[in-house]
Amino acid sequence: MHISVIGCGYLGAVHAACLAGAGHEVVGLDVDARKVAGLQAGEPLFHEPGLAGLLGRTVGHGLRFTTDPGTLGAAEVIYVAVGTPQLGDGQVGVGQVGTGHAGNRRATGNPAPDGSGAQGPVTAGRADLSQLDAALRQVEAHASRTHRTLVVGKSTVPVGTAARVAERLSQSDADLVVAWEPEFVREGHAIADIRAPARLVHGLPDDPEQARFARSQLARCHRGIDAATPRLAVDYATAELVKTSANAFLSTKISFINAMAELCDAAGADVTALADALGLDPRIGAGFLDAGIGFGGGCLPKDLRALQARAGELGAQPVAELLGRVDALNLRARDRATEALARLCGGSLAGRRVAILGAAFKPDSDDLRDSPALGIADRARAAGARVTITDPMATGGLRRLRADLEVVDDTLTAATDADVVALLTPWPHYLRLDPAELGEVVAHKALLDGRNALDPDEWKRAGWRYAGMGRR
Ligand SMILES: NC(=O)C1=CN([C@@H]2O[C@H](COP(=O)(O)OP(=O)(O)OC[C@H]3O[C@@H](n4cnc5c(N)ncnc54)[C@H](O)[C@@H]3O)[C@@H](O)[C@H]2O)C=CC1
Ligand SMILES: O=C(O)[C@H]1O[C@H](OP(=O)(O)OP(=O)(O)OC[C@H]2O[C@@H](n3ccc(=O)[nH]c3=O)[C@H](O)[C@@H]2O)[C@H](O)[C@@H](O)[C@@H]1O
């Protein structure tokens, strides 16, 4: 099957490689020529375990990457996996991809930036759909004029977007059918998650004939996936909401356990034991109950804020408030960690040296987007500390993005003369640190275990002052 994937970032590149691995003829399209050259050379510009090997086996054998949108004409299916980051102030949201619908514009009372006089939303937190808009322009210009093409949205979008995309593409002179297939992969596990998903959710058109076409094309795309995988056929809006509510639920679970960690700190209890006990109740489940410095990355925070904004636009204010509390609790974990650092330094971070181990938002990733570790680094610096930071995988990106930070290559250099060491991303490498060896180079043996990942007794026995997050 001939498939194009528009947008070859963390999601699209892995998706394209997995489709090619399953035997399809795949073209990955991106506007970033450096990214395309790296992928075509089998050397992705980001770290995802197994991706380089998979590219080595598939590039030139069914897979290629390009910046040429003219390649879209050959595709039977076009996946759209472009970014949908959080809008900055003063930009537009959902209305960007539409055909003039005023629905969400009424919500804010701000003028539309297209000069149309319509009312447009101008609030941070919404999804920025400008990449999606550009991708749709490419589809409109280059999709086949001789055969019908299925356009499948993979990007995470505010509810209502898919219907607008379908309405817009129905006005094209190409024969285009739209489906939305939200993606649930985790960075660091992307290949396994794509090959063996827990479920496939297909947002299909209302028109039965178009829906049949979409289902049969999607079934062909997924020929490598276990036939027993649950496949849920729903309408566009439900599919969009399954994705954003899944991420919101995971975020809520993390913020809940971090709220309990704060209570544990106040009451002298231990949140790790509490989470173990909660997790044994099958109705609760053990996943996503690791308390610490909270969630970050390119998805959970921005998806939570986009859903909050959308709930507000749709008039569901209590829902927006709930999601806002989850976000606030998440950011509060960063504040609490910074306060813990200050306590370990005797009450103030002014003039203190802080060594941060881990910059990526989680292990097995070099993704720095909305990283809690960087949030804490910035808070500590604002409180007067001198911060040195290291990470096994993310130092290259960190130096490029944050020239203001003191970035070093290894743990011992970071920790030399430190008044306090903070473990903020639980890379396996850090979990094996020797407290005695680290104790030789620091100025003071004080440790913040921001992910509750170390054995407190081992560190205390080696003479360290240990603080976790909600942990005795
Ligand atoms: N990162 C992940 O693991 C997951 C991401 N998602 C969603 O997938 C979408 C993509 O996420 P990421 O891959 O993390 O973003 P990303 O920012 O890493 O990748 C987006 C890519 O799209 C490219 N692009 C932008 N406009 C384009 C255009 N007009 N034509 C061709 N390429 C274009 C960019 O250059 C970039 O390489 C987002 O909506 C995200 O929420 C969903 C599940 C998992
Ligand atoms: O939409 C997305 O892009 C993806 O977002 C998350 O995946 P990901 O961002 O790769 O990372 P997670 O493993 O979910 O971790 C997110 C953040 O939560 C933190 N976390 C996770 C679990 C936990 O118990 N506690 C906790 O603080 C992690 O350290 C990390 O900062 C979801 O897990 C995926 O299902 C989803 O597809």
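If you're wondering where the values come from, they're calculated on a predicted model, not measured in any experiment.

Engineer: Break down the site of ligand 1 for me, with residues and values.
Structural biologist: By nearness alone, 28 residues border ligand 1, and Leu 11, Asp 30, Lys 35, Thr 84 and Lys 302 come closest of all. Val 31 has a polar backbone atom sitting 3.5 Å from a nitrogen atom of ligand 1. The separation between an oxygen atom of ligand 1 and a polar side-chain atom of Lys 302 is 2.5 Å. Its free accessible area being 830 Å², ligand 1 has 91% of it covered by the protein chains. When residues of the shell around ligand 1 are traced back to their parent elements, those giving at least two are helix H1 (10-21) and helix H4 (130-142). Examining the composition of the shell around ligand 1, we find that four residues originate from one element, H4, more than from any other. Split by residue class, the shell around ligand 1 holds twelve nonpolar, eight polar and eight charged. Taken together, domain 1 (2-96 + 126-229) and domain 2 (245-467) each give at least three residues to the shell around ligand 1, which thus spans both.

Engineer: Provide a residue-level description of the site of ligand 2, including the pertinent values.
Structural biologist: Taken together, 21 residues form the shell around ligand 2, and within it Phe 184, Val 185, Glu 187, Lys 243 and Cys 299 come nearest. Residue Glu 187 places a main-chain N or O atom 2.7 Å away from an oxygen atom belonging to ligand 2. Interatomic distance of 2.8 Å between a side-chain N/O atom of Asn 247 and an oxygen atom of ligand 2. Burial of ligand 2 by the surrounding chains reaches 89%, relative to a free accessible area of 710 Å². If you list the elements that add at least two residues to the shell around ligand 2, you get helix H8 (236-267) and helix H10 (300-313). If one sorts the elements of the shell around ligand 2 by residue count, H8 sits on top with four residues. Looking at the shell around ligand 2, you find at least three residues from each of domain 1 (2-96 + 126-229) and domain 2 (245-467).

Engineer: Before we move on, can you summarise the UniProt feature "active site" (unreviewed entry) in the chain with the specific residues and values?
Structural biologist: Here the UniProt feature "active site" (unreviewed entry) sits at Cys 299. Locating Cys 299 in the fold gives a position in the loop between helix H9 (271-279) and H10.

Engineer: Give a description of the UniProt feature "binding site: substrate" (unreviewed entry) in the chain that names residues and reports values.
Structural biologist: The sites that UniProt annotates as "binding site: substrate" (unreviewed entry) are Phe 184, Val 185, Arg 186, Glu 187, Lys 243, Phe 288, Leu 289, Asp 290, Ala 291, Gly 292, Gly 296 and Lys 362. In terms of the greatest pairwise C-alpha distance, the residues named above, spread along 179 residues, do not form a single cluster, extending to 24.5 Å across. In this structure, Gly 296 sits in the loop between H9 and H10. Those residues in contact with Gly 296 that lie beyond four places of it in its chain are Pro 301, Arg 334, Phe 361, Arg 369, Asp 370 and Pro 372.

Engineer: Which residues make up the sheet that holds strand S15 (residues 446-449), and what values go with them?
Structural biologist: Hydrogen bonds between backbone groups are what pair the strands of a sheet, and the pairing can be parallel or antiparallel. With parallel pairing, six strands are arranged side by side in an open sheet as S13-S12-S11-S14-S15-S16. At either margin of the open sheet sits one strand with a lone partner, and together these are strand S13 (406-407) and strand S16 (465-467). Taken together, the four bridges between strand S11 (residues 353-357) and strand S14 (residues 420-423) define a ladder with parallel strand orientation. Across the sheet, the residue bridging to Ala 355 is Val 421, located in S14. Relative to S15, helix H11 (residues 317-344) is tilted by about 165°, and along the sheet it contacts S11, S14, S15 and S16. Of the strands in this sheet, S11 and strand S12 (386-390) are in contact with helix H12 (residues 372-382), which crosses S12 at around 160°.

Engineer: Got a sec to walk through the pattern of salt bridges? Specific residues and values, please.
Structural biologist: Applying the stated criterion to the full structure yields 29 salt bridges. A salt bridge links Asp 327 to Arg 305; its shortest N-O distance comes to 2.9 Å. Here Arg 305 lies in helix H10 and Asp 327 lies in helix H11, a separation of 22 residues in the sequence. Given the relative accessible area of 11%, Asp 327 is considered buried. Glu 313 is the partner of Arg 310 in a salt bridge, and the nearest nitrogen-oxygen pair spans 2.5 Å. With Arg 310 and Glu 313 both in helix H10 and three residues apart, the pair spans about one turn of that helix. In this pair, the class of Arg 310 matches that of Glu 313, namely buried. What emerges from the salt-bridge pattern is a single network uniting Asp 133, Arg 137, Glu 140 and Arg 168.

Calculation notes
Residues numbered from 1 in each chain as written. Chains lettered and ligands numbered in written order. Predicted model: local features only at pLDDT ≥ 70, side-chain atom pairs only at ≥ 80, totals over all residues. Heavy atoms only, no water. Near = heavy atom within 4 Å. Polar contact = N/O pair within 3.5 Å; in protein donor to acceptor, adjacent residues only side chain to side chain. Areas by Shrake-Rupley, 256 points an atom, 1.4 Å probe, with all protein chains shown as cover. Helix = DSSP H or I, 4+ residues; strand = E, 2+ residues; numbered from the N terminus. Nonpolar A, V, L, I, M, F, W, Y, C, P; charged D, E, K, R; others polar. Domains from an automatic or database assignment. UniProt positions renumbered as here; feature names shortened; annotations may be inferred. Contact = heavy atoms within 4.5 Å. Pairing = 2+ DSSP bridges. Axes fitted to C-alpha atoms, helices over the stretch in contact; angles between N-to-C directions. Salt bridge = Lys/Arg side-chain N within 4 Å of Asp/Glu carboxyl O. Buried < 20%, exposed > 50% of the residue type's maximum accessible area, 1.4 Å probe, protein only.

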